[in-house]
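Analysis of the macromolecular model
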Amino acid sequence: MVLFMDVTLVTGNQDKVNYFSKYLGFPLKHQKIDLDEIQSLDSKKIVEHKALQAYGIIKNPVLVEDGSLEFAAFGRLPGPFIRFFLEDLSLQEICSLLDGKTRKATARTTFGYYDGKEIKFIEGRLNGEIAQSPAGENGWDWDKIFIPEGYTVTRGQLDDTEYAKTSLHLRPFAELKEFLLALPH
């Protein structure tokens, strides 16, 4: 029996849909929508805006996500703005920004579910540090420069088992799955 969730994951990234479905244990409907993304260091505000906007278009419960990477040397920056860093700088240039500074960093993910009445946030975080240089072939975005706490290599260098362990801290799929399964369907 295939579980049907009346929730639409709003993303244009098919790999993300496959990844979410794998870790949740059931398929998700998805739809690509170009959403306006407000500029804020507060991931909850970004996620709330995305969820309300997506719901306004789909008129059905939605699930959205926003990720951020914070460098301790820069307060909460780049935070959600990491995507702009990734677009305009090489991974080596991003690593070099921290030369002579603390390399401590925190990766965060914020999920937002909105059903037209209330919004639910589920957050995950992973502490670590930024590598001196990018390394590895696994993952995406900043995985080749982020070394999770307790490891000596980047997420991009981790084998599939260890990568999955760090993913479950960063993306709390168990909590998200529990929440989604408790919804009326």
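Residues numbered from 1 in each chain as written. Predicted model: local features only at pLDDT ≥ 70, side-chain atom pairs only at ≥ 80, totals over all residues. Heavy atoms only, no water.

1. Quick notes on the layout of surface pockets
Of the voids in this model, the largest pocket is the one considered here, and its volume is about 850 Å³. Looking at the lining of the largest pocket residue by residue, the class counts come to 11 nonpolar, 7 polar and 14 charged. (1 Å grid on protein atoms, 1.4 Å probe; cavity = no way out; pocket = protein on both sides within 12 Å on 5 of 7 lines; lining within 4 Å. Points joined across faces, edges and corners; volume = space filled by probe spheres on them. Nonpolar A, V, L, I, M, F, W, Y, C, P; charged D, E, K, R; others polar.)

2. Some words on the packing of aromatic side chains
Scanning the entire structure with this criterion turns up 12 aromatic pairs. Arranged with centres 5.9 Å apart and planes meeting at 70 degrees, the rings of Y19 and F173 form a pair that is edge-to-face. On the criterion of sequence distance, the pair formed by Y19 in helix α1 (residues 14-24) and F173 in helix α6 (residues 173-182) is long-range, its members being 154 residues apart. Accessibility classification places Y19 together with F173 in one group, the buried group. Judged by centre distance (5.2 Å) and plane angle (80 degrees), the ring pair of Y55 and Y114 falls under edge-to-face. Here Y114 lies in strand β5 (residues 104-114) and Y55 lies in helix α2 (residues 43-58), a separation of 59 residues in the sequence. On the accessibility criterion, Y55 (22% relative accessible area) is partly exposed. When its relative accessible area of 13% is taken as the criterion, Y114 is described as buried. Ring pairing ties together the aromatic residues Y19, F20, Y23, F111, W140 and F173, which thus form one cluster. For R155, the ring lying beneath its charged end belongs to Y163, and the centroid distance is 4.2 Å. (Phe/Tyr/Trp six-rings, centres within 6.5 Å; stacked < 30°, edge-to-face > 60°. Helix = DSSP H or I, 4+ residues; strand = E, 2+ residues; numbered from the N terminus. Buried < 20%, exposed > 50% of the residue type's maximum accessible area, 1.4 Å probe, protein only. Lys NZ or Arg CZ within 6 Å of the ring centre and 35° of its normal.)

3. With respect to unusual backbone geometry
Geometrically, the link from L77 to P78 is a cis peptide bond, its omega value of -5 degrees lying close to zero. Residue K59 is not a glycine yet carries a positive backbone phi of 60 degrees. Among the structural elements, K59 can be located in the loop between α2 and β3 (62-71). By relative accessible area, which is 59% here, K59 ends up exposed. Phi is positive for D141, close to 50 degrees, though the residue is something other than glycine. Secondary-structure assignment places D141 in the loop between β6 (119-130) and β7 (146-148).

4. A few points about the side chain of T106
Position of T106 among the secondary structure elements: in strand β5. Judged by its relative accessible area of 12%, T106 is buried. Among the polar contacts listed, one links the side chain of T106 to the side chain of N127, at a separation of 3.0 Å. When near neighbours in sequence (up to four residues on either side) are disregarded, T106 contacts S68, L69, E70, R125, L126, N127 and F146. (Polar contact = N/O pair within 3.5 Å; in protein donor to acceptor, adjacent residues only side chain to side chain. Contact = heavy atoms within 4.5 Å.)

5. Quick look at the pattern of salt bridges
In a structure, side chains of opposite charge can pair up when their charged atoms sit close to one another. Under the defined criterion, the tally for this structure stands at 11 salt bridges. E70 is the salt-bridge partner of R108, the closest N and O atoms lying 2.8 Å from each other. Placement of the pair is R108 in strand β5 and E70 in strand β3, with a sequence separation of 38 residues. Connected via shared salt-bridge partners are E37, K50, D66 and R83. (Salt bridge = Lys/Arg side-chain N within 4 Å of Asp/Glu carboxyl O.)

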